[in-house]
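Each chain, letter by letter, is given below.
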2 protein chains.
Amino acid sequence: MPLNRQWILTRRPEGEIAAGDLELREAPTRALEPGEVLIRNLYLSLDPTNRIWMSDQDGYLPPVGIGEVMRGGTIGVIEESRSDRFKPGDIVNAGLSGWQDYSIGHEAMINPVPQIPGVPLTAFMSVLGATGLTAWFGMMDIGRPQPGETVVVSAAAGAVGSIAGQIAKLKGARVIGIAGGPEKCAWLREIGFDGAIDYKNEDVGAALDRLCPNGIDVNFENVGGDIMNAVIARMNTFSRMSLCGLISTYNADVAAGPADFGRVLMKRILIKGFIIIDYLPRAGEAFAELAPWVASGQLKWKAHVVDGLENAVEAVNRLFTGDHDGKLLVRIAPEP
Amino acid sequence: MPLNRQWILTRRPEGEIAAGDLELREAPTRALEPGEVLIRNLYLSLDPTNRIWMSDQDGYLPPVGIGEVMRGGTIGVIEESRSDRFKPGDIVNAGLSGWQDYSIGHEAMINPVPQIPGVPLTAFMSVLGATGLTAWFGMMDIGRPQPGETVVVSAAAGAVGSIAGQIAKLKGARVIGIAGGPEKCAWLREIGFDGAIDYKNEDVGAALDRLCPNGIDVNFENVGGDIMNAVIARMNTFSRMSLCGLISTYNADVAAGPADFGRVLMKRILIKGFIIIDYLPRAGEAFAELAPWVASGQLKWKAHVVDGLENAVEAVNRLFTGDHDGKLLVRIAPEP
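The rules behind the values
- Residues numbered from 1 in each chain as written.
- Chains lettered and ligands numbered in written order.
- Predicted model: local features only at pLDDT ≥ 70, side-chain atom pairs only at ≥ 80, totals over all residues.
- Heavy atoms only, no water.
- Salt bridge = Lys/Arg side-chain N within 4 Å of Asp/Glu carboxyl O.
- Helix = DSSP H or I, 4+ residues; strand = E, 2+ residues; numbered from the N terminus.
- Buried < 20%, exposed > 50% of the residue type's maximum accessible area, 1.4 Å probe, protein only.
- Phe/Tyr/Trp six-rings, centres within 6.5 Å; stacked < 30°, edge-to-face > 60°.
- Lys NZ or Arg CZ within 6 Å of the ring centre and 35° of its normal.
- Pairing = 2+ DSSP bridges.
- Axes fitted to C-alpha atoms, helices over the stretch in contact; angles between N-to-C directions.
- Contact = heavy atoms within 4.5 Å.
- Buried area = accessible area lost by both parts, 1.4 Å probe.
- Nonpolar A, V, L, I, M, F, W, Y, C, P; charged D, E, K, R; others polar.
- Least-squares fit on C-alpha atoms with pLDDT ≥ 70 in both.
- Domains from an automatic or database assignment.
- Polar contact = N/O pair within 3.5 Å; in protein donor to acceptor, adjacent residues only side chain to side chain.

Draft legend 1. Expanded view of the pattern of salt bridges. Residue and element names in this part refer to chain B. By the definition in use, this model includes 36 salt bridges over all chains. A salt bridge links K171 to E289; its shortest N-O distance comes to 2.8 Å. Here K171 is found in the loop between α3 (159-170) and β9 (174-179), whereas its partner E289 is found in helix α8 (residues 283-296), with 118 residues between them in sequence. By relative accessible area, which is 27% here, K171 ends up partly exposed.

Set out below in C-alpha cells:
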C-alpha cells in the first residue's frame, strides 16, 4: 500500500485560486476490495470547470466538499488488480479520480485506453478525451455548421476552442477564432482558421465586422462578457450559439447574459448550454470521426504538460490567465 | 374609389407612443390593377411587435418608414375585385395591410377566412390567427412540454400567453401563469391554469418556489427583465425557454439577457427566439389542433375590441400598461 499524495480542498477560493485553498497531504492507500484496481495516475487534466467545482455553486456536479480530495480526470496505469477486466500494466482512463498520485477505482467505472499507432497517451487527455468530445458535440449537435457558413470560436486557442474551430473547418465552414496575443493568433491561422482576432490588442467588434462580412451563423462560446456580446451583435437570423463555457466570468459572482437579448428574439437565435457528461453515452459518434482525423494529422492539437503533482495548483490558474499553450495537463508520473 | 383614412407614422416614438407620433390622414384609394382586390378592413390587430416596427431597430421586418402607413394585420371584406379568386362580400385575411379603412391587396397575398360554426370572426384575429399560431408553435416546437412537467407562462393573461398556457395544459403539463392583478389571475385559474402569480402584488420568486416545487421545465417567455430572471433561477436541467417576447423592455433602449447566464450553461438550458412568420408555412399543423379545441370550447379566449380606427393609437398603448382584457383589436367597420 504505497503512500499517496492528495490535494485536499481546505477552503473555497475567492476569485483566483490562492496557495492555501488546497493543501497537499499524504495518506496511505487502502487495501483493494473485489472488483477494484489500484491506479498509479500518470496525467491529470486541468479544466476551467475545476474552478466551479471548488466553489459552492449549484453546478452540474456537486461542489467538492471541504476536506475532500480535489476532483479531476486522470489517466493512469494499473499497479494492482482485483478485477478480471484489468491487469497490472494496463493503461486506463480512471475517470474523475482526483488530484492524487494513486486512486482506487471499481472496474465498472474505469475504461481501457485504446492504442492507436502514432497517437501519444496525452491525446487521450485532450483531443481524444473529454476536450475533443466537448468540441465535437458542441459544434456538431448544437452549432451544426453548414458548408459556407461563418463560425466564430472564442478562447479559440484553448484546448476545446482550437478543436471546435478545426471541426467546423473540416465541415466546410469559414472559421474565425478569438484569442489573446499574436502568437496564439498566428497558431490559429497555421492550423487552418480563416482569421484570428487578438482580443488583447484589437477591437473585437471592428475585427469581426472585417472578418465576418456576412455575419455569424455559429458562435461557439467559451468566454462570456464583452467578447460574447460583440459576437452576438453580429449573429445572423437563425444562428446558433453553443454555450460551452463562460471562462471570463468564473472568478466572478455571476455571469451576465447577452447585453442585447432583443436580438436573440428578433434574429431567432438558438442558445443551448451543454456539459460533456450529457453526451458520454454518444461518445462513440465523436470518437469515430475524431480518431482518424488525429491519426492522419488533419486535426492539430497541443498539450501543455506541467511536471509534478505538487505544481497542480499553480498550474490551474494558468487556465484563467491564458498562460498555457494547449490542453493543460499535469504529469504526475512518467509513462511506464 | 372611396376616401381612405390612414394612420401615418410621422416620427419614431421615444418610450410610450405619444399623440403626435402618428397622424390620421385622408387619401383617396387608387384604381385596382389586374389580380388586385379592394378590401374594407373590419378588424385591426394590435400587437406588442407594433412598437418595434415604429422604432428604427433592426427587427425581423424593416422599420415602418416615416411618412408611411403604420403596419398591422387586418381582416376585411372584399368591396371590389379584379381577381378570379375573390368576389365582393368575401371575408379575407388581408395580411399586414396597415392601419387604414381600406387596403388594396394582390390575390396572392390574401387568404379566405374559413367559416366554422359558432366561431366568430374575431377568433381569426386571435386564437385562430397569428396569436394562436404564436402560442402553439412557441409551446409545441420549442417548449415541448411533457405530461407532468411544470410550465410557466409570463404575461399569461395576454392573448398569446393565455393560449400558450392552455395548450400546455391540454398536453398534460402543470401550468403556472404570471399576470398583473387579481382579476387576471382569477381568470387564469378559471380557464384551467394550476396556479397564477400576481406580479403586481406578490413576490414572484417566492410564489414560484411555492407553486413549482419541482422546478420549471418550460418557460414561455413574453416579458423579460426581473420576472424572466425569477423564472430562469428556477429552471431545471434540460429545460426549455421559448422566447416569444420581451414586452417589459420594448419601450427601453436595450433588453438585457438573463442575469445568471451561468445557470443556462450549468442547467443546459435551451433558449430559442422565434417569430411567428417563420412558422407560417407550417400553419396548418397548428390550425388542425387549435380549430377543434376552439369549436368545442376547450380552448378559451377573449377579444378586447376598441371601436373606431381613430382610437388605434390610444388603444395600442394598452398593450404595455396591461389595461386590456383579451386580444386587443380595433373594430374599423361593423361586420357585414
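Draft legend 2. Examining the packing of aromatic side chains more closely. According to the stated counting rule, one finds 10 aromatic pairs over all chains in the structure shown. With centroids separated by 6.5 Å and ring planes inclined at 75°, the aromatic side chains of B:F220 and B:F274 adopt a geometry described as edge-to-face. Linking B:F220 in strand β11 (residues 216-221) with B:F274 in the loop between β13 (270-273) and α8, this pair joins segments that are 54 residues apart in sequence. Aromatic pair B:F274 and B:Y279: ring centres 6.1 Å apart, planes at 65°, arrangement edge-to-face. On the basis of relative accessibility, which here comes to 2%, the residue B:F274 falls in the buried class. With relative accessibility at 9%, the residue B:Y279 sits in the buried group. Every member of this aromatic cluster is reached through a ring pair, and the members are A:W136, A:F137, A:F220, A:F274 and A:Y279. The cationic tip of B:K302 hangs over the ring face of B:W187; the distance from NZ or CZ to the ring centre is 3.9 Å.

Draft legend 3. Representation of the sheet that holds strand β8 (residues 150-153) of chain A within the structure. In space, the 12 strands of this open sheet follow the order β10(A)-β9(A)-β8(A)-β11(A)-β12(A)-β13(A)-β13(B)-β12(B)-β11(B)-β8(B)-β9(B)-β10(B), with mixed pairing throughout. Because the sheet does not close on itself, it has two edges, and the strands there are β10 (195-198) of chain A together with β10 (195-198) of chain B. Ignoring strand direction, the axes of neighbouring strands in this sheet form an average angle of 15°. In the sheet, β9(B) pairs with β10(B) via 4 bridges, with the strands oriented parallel. Bridge pairing links B:I178 to B:I197 in β10(B). Where helix α5 (residues 204-211) of chain A meets the sheet, it contacts β8, β9 (174-179), β10 and β11 (216-221) of chain A, and its direction lies at approximately 170° from that of β10(A). With respect to the sheet, helix α5 (residues 204-211) of chain B is in contact with β8 (150-153), β9, β10 and β11 of chain B, its orientation differing from that of β10(B) by roughly 170°.

Draft legend 4. The interface of chain A and chain B, seen in detail. Facing 36 residues of chain A, the contacting portion of chain B comprises 36 residues. Across the interface of chain A and chain B, roughly 2,700 Å² is buried in total on both sides, 66% from carbon and sulfur atoms. Taken together, the connections running from chain A to chain B amount to 2 salt bridges. Its salt-bridge partner being B:R268, residue A:D278 comes within 2.6 Å of it at the nearest N-O pair. Put simply, the parts of the chain that give the side of chain A that touches chain B at least two residues each are β12 (235-243), α7 (261-266) and β13 (270-273) of chain A. When residues of the side of chain A that touches chain B are assigned to their parent elements, the largest contribution, 6 residues, is made by α7(A). Of the residues assigned to the side of chain A that touches chain B, the class counts are 24 nonpolar, 5 polar and 7 charged.

Draft legend 5. The arrangement of the relation of the copies chain A and chain B in detail. Under the fitted operation, chain A is carried onto chain B by 0.0 Å of movement along the axis and a turn of 180°, and the coordinates agree to an RMSD of 0.1 Å. Given the turn and translation reported, the copies of this chain are related as if by a two-fold rotation axis. In this assembly, 100% of the residues forming the interface of chain A have copies in chain B that are likewise at the interface, indicating an isologous arrangement.

Draft legend 6. Representation of the domain arrangement of chain A within the structure. All names here are of chain A. Looking at the assigned domains, one finds that chain A contains domain 1 (3-126 + 301-331) and domain 2 (130-277). A straight line from the C-alpha centre of domain 1 to that of domain 2 covers 28 Å. Roughly 1,300 Å² is buried in total at the junction of domain 1 and domain 2, and carbon and sulfur atoms are behind 62% of that figure. Taken together, domain 1 and domain 2 are joined by 0 salt bridges. The interface formed by domain 1 and domain 2 includes 1 residue pair in polar contact (both at pLDDT 80 or more). For the side of domain 1 that touches domain 2, the secondary structure elements donating two or more residues are α1 (49-54) and α10 (318-321). Looking at the side of domain 1 that touches domain 2, the element that brings in the most residues is α10, giving 3 residues. Among the residues making up the side of domain 1 that touches domain 2, the classes are represented as 7 nonpolar, 5 polar and 5 charged.

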